[in-house]
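One letter stands for each residue in the lines below.
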Amino acid sequence: MLAVVTVGVGFAVAAVLGVVRRDREHGSSSVDSTSRVHRSVVVLINGREEDSPVAIEAAEKLVAREDIYVGTVPPEGYEYVLLLEPDHRPDPRFLDRTMPLFDDPDVVGVAGYARVDWRGPWVLSAYRARALALGQWLLTVARTRPRTEVARLSPSPARLFRTRVLAGIDLGSTLSQQIYRRRLGRVLVVRGAIVDITAPAGLGEYCAQVSTWARDFWRSSWRNRFPRGTPAFAAETAIASALWLALPVLVVTGVVTIPALLLGVFLPDLLLTLVLALRQREPRYLPVALLLPFVRVLDASLVFLALLPRRSVAVAGWLVAVASAVVFVFRVHVMAARLPVTSLEPGLVDAAYSRVAGLQGIPVAFDMWATTLQLVLYGGVSGSFNRYDTVLTGAREASVAAAAVLALCVVLTAAVLRLHPLLVSAVLVVCCASAQLFATAGPRTFAAAWLGIGALALAGAITRRTAKLIPAVIIAAIAVVLTVLPSPLAVVVPGLFVAALFGVAILLDRLPRAARPAFAVATLAAVAAVALSVPAVRPVAPTADHRAIADWLDSNATGDLDLSAPPLLWSDLTRDLADKDGRVRRGGPAALAVDGPGLPVATFPGATVSLTAGGAGFVGDGNRAVAGADLAANSKITAPDPVLVAFGTGRVDFRAMAVLAEISAQFPITIAEVANPAPEAGSELPLRTVVLSAVDGRPVTDPAVAAELRAWFTAQLPPYAPDDFRLTDRGFAVSWRLSGDPVPN
């Protein structure tokens, strides 16, 4: 598929048909070595006489000098008109090769076979020569089949027409299409009628030529209602151009693999070049053969630009620029939620959150105070710390906002300086490639935002020649300096982007006007490939499930048990627990510790909570086993075997066993299960939750039984009073929390 697109569908079909049919080249029969002057032909050169010495000299070898007219309409009386451009040099035997074709009354026009003189830039000359050779060498076999002549499609040089068919035809539009739409006859292409044309002198001239041909083709096709044969060529041109522009994106996103790119694009393109080099005996194709596919990308951009009106191009350019800014900010937003923690963020985020939450401030290094202040101001005004799952993500929202400020300043700076909008898109798409540099909380993104503000203010001051914006420039410069104190290199990346914006703008300004849109589109396509080649950062698992830890601590530990947590997790737990009393400590000694030394008691995704005292007072010396054995043997207690085993092995909390012994002394009871919260599964802590299913032979679902149980448990005194009791779908659940003053076991 890629190979067909590379070679061209029409080219491939015509080549196969040409080999099968072996069409004979009409009009290329042998002629006398001496050319003769044709009196029935007038030459019309489209240009000024001072610009057309080459064409005039070549035309004098075909007709008499008085039959050559430059820029003026020739008088009547001629049977044929030869149209030339100022740089066309038809072979002296051009008319001898073409005039015999007019013996067929259906033939009203004949076009020459273009040959490039290679005087321009090597790459552009090679590409132009190859394109013309491929377009005329094999595709001219189509001329022997009515209504499929390629002359209506390709910009053939030195066109010879019957004078009568030009009456009423717009000479500024594609003549072949008008002839076919009006059914005036056929237009042929002759390989033997050589016409030398000048290669483009530079990129600007090349872009202007291609743009002119593309605009004329689309305009003429539309005006002439796409004559038969034209729709297929137009569709192929549009689709191939779209695929060539999309090819870099398809490669970097993995849709097209590198082997497929090499075998389906570069290899067929290289083979075409090699075949032409051998057939034409032209070794100058070879050094630049691998560069020609990149010129095809430029051609594709010019073809698409030709489809749009000039005003639409400008509007579309600014729409693309704004869209690029939105994509950049969105990419930073996505990265902010996915990137792992940097070395600066734990201390920076905790310090900012502690000040916003009104807690005891966490000290920060002197060189980080400006960044911390900006985080505090943003978090306090926007409330971002309470809007996300983690405080870190809330802090990174400030970086996303700073990236949005940077993107807005880039767009506005370009508008103030009247830069090409597609250039802005190129700069912003390059920013997308390094979005991870802007997505973390730190000085880099804030410095970039201030740099953008300063650049916008400076551009406004320069263009408007006013000093009113100088204070804004000074403030932005001071903010940049204070923000990047800890790492002056942090401003290098955004500084390079701003420098690139102005540098490429100067380069673009020096290019010919016709080359600027194509340059911008080609640049945009290239940087889009670079941006999308950066692999997306996969979401990283949270370092700890802070909400689960907070829920467990709030539901299963008394308030006198404090918890030591590492940086960042401290902010999350403090926020989740609304802790104003310092129960959660940022490191340091505490009864419980996240990922600290001691007896592991609860396990969560990414973290383990331990009793720092090693379980003293919670893990007993066998007294629970003795008391549990008595309960297991109690005839008034009915329970499944797992519950009886838990009693017998001392796995049940002593407070729960004491309460069960008291109840069973009064009434027979049925115990459904004994358990602990899920995070404590596998720990050595005793089971602290008991589920009753019946009391005195009556189910606990009986409202009267449930009410009696509530009254009885409410009357209990510490440390045996349960911390929670309620009727659940499993039965009447009674539970006790971990306490800082546990009952001896």
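What counts and what doesn't
Residues numbered from 1 in each chain as written. Predicted model: local features only at pLDDT ≥ 70, side-chain atom pairs only at ≥ 80, totals over all residues. Heavy atoms only, no water. Core = buried A, V, L, I, M, F, W, Y, C linked by side-chain atoms within 4.5 Å. Buried < 20%, exposed > 50% of the residue type's maximum accessible area, 1.4 Å probe, protein only. Helix = DSSP H or I, 4+ residues; strand = E, 2+ residues; numbered from the N terminus. Contact = heavy atoms within 4.5 Å. pLDDT = per-residue confidence, 0-100. Arc of directions from axis to C-beta. Polar contact = N/O pair within 3.5 Å; in protein donor to acceptor, adjacent residues only side chain to side chain. Pairing = 2+ DSSP bridges. Axes fitted to C-alpha atoms, helices over the stretch in contact; angles between N-to-C directions. Parallel < 35°, antiparallel > 145°, perpendicular 65-115°, else oblique. Nonpolar A, V, L, I, M, F, W, Y, C, P; charged D, E, K, R; others polar. Salt bridge = Lys/Arg side-chain N within 4 Å of Asp/Glu carboxyl O. Phe/Tyr/Trp six-rings, centres within 6.5 Å; stacked < 30°, edge-to-face > 60°.

Caption draft 1: Just the nonpolar core, in detail. In this structure, Val 41, Val 43, Ile 45, Leu 82, Phe 94, Leu 95 and Leu 160 are the most contacted members of the largest nonpolar core, which totals 52 residues. For this core, the element with the most residues is helix α5 (residues 122-137), which contributes seven residues. Excluding residues that lie within four positions of it along the chain, Phe 94 makes contacts with Leu 62, Leu 82, Gly 112, Ala 158, Ala 193, Ile 194 and Val 195. Within the second largest apolar cluster, 45 residues are counted, among which are Ala 357, Ala 441, Ala 449 and Phe 604.

Caption draft 2: Layout of the confidence of the model for the chain. Residue-level pLDDT values for the chain average 80, and 79% of them are 70 or greater. Predicted confidence is poor over residues 16-35, with pLDDT under 50, and the contacts of this stretch with residues over four places away or in other chains come to 30 contacts. Throughout residues 533-541 the model reports pLDDT below 50, and contacts reaching past four residues in sequence, or to other chains, amount to twelve contacts.

Caption draft 3: Broad picture of helix α20 (residues 546-556). All buried positions along α20 are accounted for by His 546, Ile 549, Ala 550, Trp 552, Leu 553 and Asn 556. One side of α20 holds all its buried residues, which, seen down the axis, span an arc of 170 degrees. Buried residues along α20 sit in contact with β8 (563-565), α21 (569-576), β10 (592-594), β11 (599-604) and β12 (607-611).

Caption draft 4: Up close: the environment of Arg 575. Counting through the fold element by element, Arg 575 comes out in helix α21. Linking Arg 575 and Thr 390, residues 185 residues apart in sequence, is a C-alpha distance of 9.2 Å. With near-sequence residues (within four places) excluded, Arg 575 lies in contact with Tyr 353, Phe 385, Asn 386, Tyr 388, Asp 389, Thr 390, Val 391, His 546 and Arg 547. Of the polar contacts made by the side chain of Arg 575, one reaches the backbone oxygen of Asp 389; its length is 2.6 Å.

Caption draft 5: A look at unusual backbone geometry. With an omega of 0 degrees, the peptide bond running from Pro 718 to Pro 719 counts as cis. The topology assignment puts Pro 719 in the loop between α25 (703-714) and β17 (724-727). A positive phi angle is found at Asp 595, which is not glycine, with a value near 55 degrees. Note that Asp 595 resides in the loop between β10 and β11.

Caption draft 6: Representation of the sheet that holds strand β1 (residues 41-45). Taken in spatial order, the seven strands make up an open sheet running β2-β1-β3-β6-β5-β7-β4, and their pairing is mixed. The outermost strands of the open sheet, each flanked by one partner alone, are β2 (68-70) and β4 (89-90). Relative to strand β7 (residues 186-197), β4 is paired through two bridges, and the arrangement is antiparallel. By the bridge assignment for β7, Pro 90 is matched with Val 195.

Caption draft 7: Main features of the packing of helix α12 (residues 345-356) against α21. Relative orientation of the contacting elements α12 and α21 amounts to 25 degrees, with a least axis distance of 9 Å. Taken together, the axes of α12 and α21 are roughly parallel relative to one another. Contacts between α12 and α21 pair Val 349, Asp 350, Tyr 353 and Ser 354 from the former with Trp 570, Ser 571, Thr 574 and Arg 575 from the latter. A breakdown of the residues in the contact of α12 with α21 according to their chemical character gives three nonpolar, three polar and two charged.

Caption draft 8: Local environment of helix α22 (residues 623-633). Among all positions in α22, only Arg 624, Gly 628 and Leu 631 are buried. Down the axis of α22, the smallest arc covering the buried residues is 55 degrees, so these residues share one side. Across α22 from its buried face, at more than 90 degrees, point the exposed residues Val 626, Asp 630 and Ala 633. Against β13 (637-638), α23 (641-648) and α24 (654-664) lie the buried residues of α22.

Caption draft 9: Here's a closer look at the sheet that holds β11. Spatial ordering of the open sheet is given by β9-β8-β10-β12-β11, a layout of five strands whose pairing is mixed. With partners counted over all chains shown, the strands left at the sheet margins are β9 (584-586) and β11, one partner each. Going from strand to strand, the sheet's axes swing by 25 degrees on average, the running direction of each strand aside. The pairing of β10 with β12 spans three bridges and is classified as antiparallel. Residue Leu 592 lies in a different strand from β12, and its bridge partner there is Leu 611. The strands touched by α20 within the sheet are β8, β10, β11 and β12, with β11 carrying the most contacts at an inclination of about 125 degrees.

Caption draft 10: Main features of the pattern of salt bridges. The final tally for this structure, using the stated rule, is 21 salt bridges. Sharing partners across several salt bridges, the network here consists of Asp 389, Arg 547, Arg 575 and Asp 576.

Caption draft 11: Here's a closer look at the packing of aromatic side chains. Here the structure, examined in full by the defined rule, presents ten aromatic pairs. Arranged with centres 6.1 Å apart and planes meeting at 15 degrees, the rings of Phe 713 and Phe 732 form a pair that is stacked. Placement of Phe 713 in helix α25 and of Phe 732 in strand β18 (residues 732-735) is noted, with a sequence separation of 19 residues between them. As far as the burial class goes, Phe 713 and Phe 732 line up, both buried. Ring pairing ties together the aromatic residues Trp 712, Phe 713, Phe 725 and Phe 732, which thus form one cluster.

Caption draft 12: View of the pairing of β1. Counting buried positions along β1 gives five out of five residues, so the element sits mostly inside the fold. Side chains of β1 alternate between two faces, with Val 41, Val 43 and Ile 45 and Val 42 and Leu 44 buried alike. By the bridge criterion, five bridges tie β1 to strand β3 (residues 80-84) in an arrangement that is parallel. Note on β3: the bridge partner recorded for Ile 45 is Leu 84. Pairing between β1 and β2: three bridges, direction parallel.

Caption draft 13: Seen up close, the side chain of Ser 564. Relative to the elements of secondary structure, Ser 564 occurs in strand β8. In this structure Ser 564 comes out as buried when scored by relative accessible area, which is 8%. A distance of 3.0 Å separates a polar side-chain atom of Ser 564 from the backbone oxygen of Gly 588.

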